[in-house]
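A structural walkthrough
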Amino acid sequence: MSVDLTGKVAVVTGSGRGLGYAYAAALARAGAAVVVNDVDADAAGAAAKSLTEAGGRAVAQAGAVGTTETADRLVDRAVEEFGRLDVMVTNAGILRDRVLWKMTDDDFDAVVTTHLRGTFTCARAAAVRMREQGEGGSLVLVGSPAGQRGNFGQTNYAAAKAGIAAMVRTWSMELARSAITVNAVVPVAATAMTETIPAFAPYVDALKQGRPLPDFLRKGEGFGTADDCAALVPFLASDAARGVTGQCVGIGGDRLALWSHPQETAVAYADGGWTPEAIAAAWDTSVGREPQSVGIPAPRIPEA
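Residues numbered from 1 in each chain as written. Predicted model: local features only at pLDDT ≥ 70, side-chain atom pairs only at ≥ 80, totals over all residues. Heavy atoms only, no water.

**A short note on the sheet that holds strand E5 (residues 137-142)**
Strand order across the open sheet formed by eight strands is E3-E2-E1-E4-E5-E6-E7-E8, with mixed pairing between neighbours. Lying at the two open borders of the sheet, with one neighbouring strand each, are strand E3 (57-62) and strand E8 (255-258). Taking the axes of each pair of neighbouring strands and ignoring which way they run, one obtains an average angle of 20 degrees across the sheet. As defined by bridge partners, strand E2 (residues 33-38) adjoins E3 across six bridges and the pair is classed as parallel. Considered in E3, the bridge of asparagine 37 is made with glutamine 61. Helix H1 (residues 18-29) rests against strand E1 (9-12), E2, strand E4 (87-90), E5 and strand E6 (180-187) of the sheet, and its axis sits at about 175 degrees to E1. (Pairing = 2+ DSSP bridges. Helix = DSSP H or I, 4+ residues; strand = E, 2+ residues; numbered from the N terminus. Axes fitted to C-alpha atoms, helices over the stretch in contact; angles between N-to-C directions. Contact = heavy atoms within 4.5 Å.)

**Let's talk about H1**
Helical periodicity: at 3.6 residues per turn, an α-helix aligns residues three or four positions apart in one direction. The end-to-end C-alpha distance of H1 is 17 Å, a good match for the 16 Å that twelve residues give at a rise of 1.5 Å each. For H1, a buried count of nine out of twelve residues is recorded, marking the element as mostly surrounded by other parts of the structure. Listing the buried residues of H1 in full gives Leu19, Gly20, Ala22, Tyr23, Ala24, Ala25, Ala26, Leu27 and Ala28. Of the residues trailing H1, glycine 31 is marked for its positive phi of about 110 degrees. (Expected span 1.5 Å × (residues − 1). Buried < 20%, exposed > 50% of the residue type's maximum accessible area, 1.4 Å probe, protein only.)

**Section: the nonpolar core**
Residues Tyr23, Leu27, Val89 and Val185 are the most contacted members of the largest nonpolar core, which totals 35 residues. With eight residues, the single largest contributor to this core is H1. With near-sequence residues (within four places) excluded, leucine 27 lies in contact with Leu5, Ala10, Val12, Ala32, Val34, Val89, Val233, Pro234 and Ala237. The next biggest cluster of nonpolar side chains, apart from the first, holds 33 residues, and it includes Val65, Ala126, Ala127 and Ala184. (Core = buried A, V, L, I, M, F, W, Y, C linked by side-chain atoms within 4.5 Å.)

**Looking at the pattern of salt bridges**
In this structure the tally under the stated criterion is 13 salt bridges. The salt bridge partner of arginine 17 is aspartate 38, with a shortest N-O separation of 4.0 Å. Of this pair, arginine 17 sits in the loop between E1 and H1 while aspartate 38 sits in strand E2, and the two are 21 residues apart along the sequence. Assessed through its relative accessible area of 6%, aspartate 38 is described here as buried. Linked through salt bridges whose partners overlap, the residues forming this network are Asp215, Arg218, Lys219, Asp228 and Asp254. (Salt bridge = Lys/Arg side-chain N within 4 Å of Asp/Glu carboxyl O.)

In structure tokens:
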């Protein structure tokens, strides 16, 4: 099935570089006009210029996401420049990694404001516009494996990304009658963040020098380049995905995956209800027999 976004208009937050730029470029190649957003005005301008020079239609709109004012301005810019809005991609994000006992209020608030509140304000502004247009649309939110499983030292980031997964499920229900789909991309790619993971670092360095990633990373770990993750965004924004909503979809390297939603994995019953002592007696042989794992599994690096 052809994925043709000709005539559609998208906003991509945090798209001056990295994964955000890859998403914007993929949308432009599929025919969409793109509003490039970044907190760095120079990066936003350079990205929009690059897309235009490649034959696409793009404009830059700088600003830090999180506030209602920035969200409204992004939607307004899309309408002013291109006449409508069809796709909102909420990619903008920052990191302030600290273990719990060292994380400050500012560390927590800065990440939650950008990732979670920024997703909320931008999606809300987009939903208002799309409902006014009455022709449906697509919200493509950006999640993370950290939000699905947790990650050491990332209380703020993991909590925000888990909240985004919950927003996907909630908004897919709320916006269904308006024909607005809501899905999350859960990317795994060689970025400034994954470059700091010791197991990945030498492979990211090799990639920068033009050497391809090995198959055990691209397939086994689903780890690749930012461009490897980009194809999912125009698909989710297209008519080919009109029936896809409320989903968290993983992509990276050569792998495409569907994340499960949380659900009960074991159940036990006690006539008349449970006491603390009854739970303690039953735990190891009932619901606690196979506890759930946490954290992002360490990459399995083959022995040399």
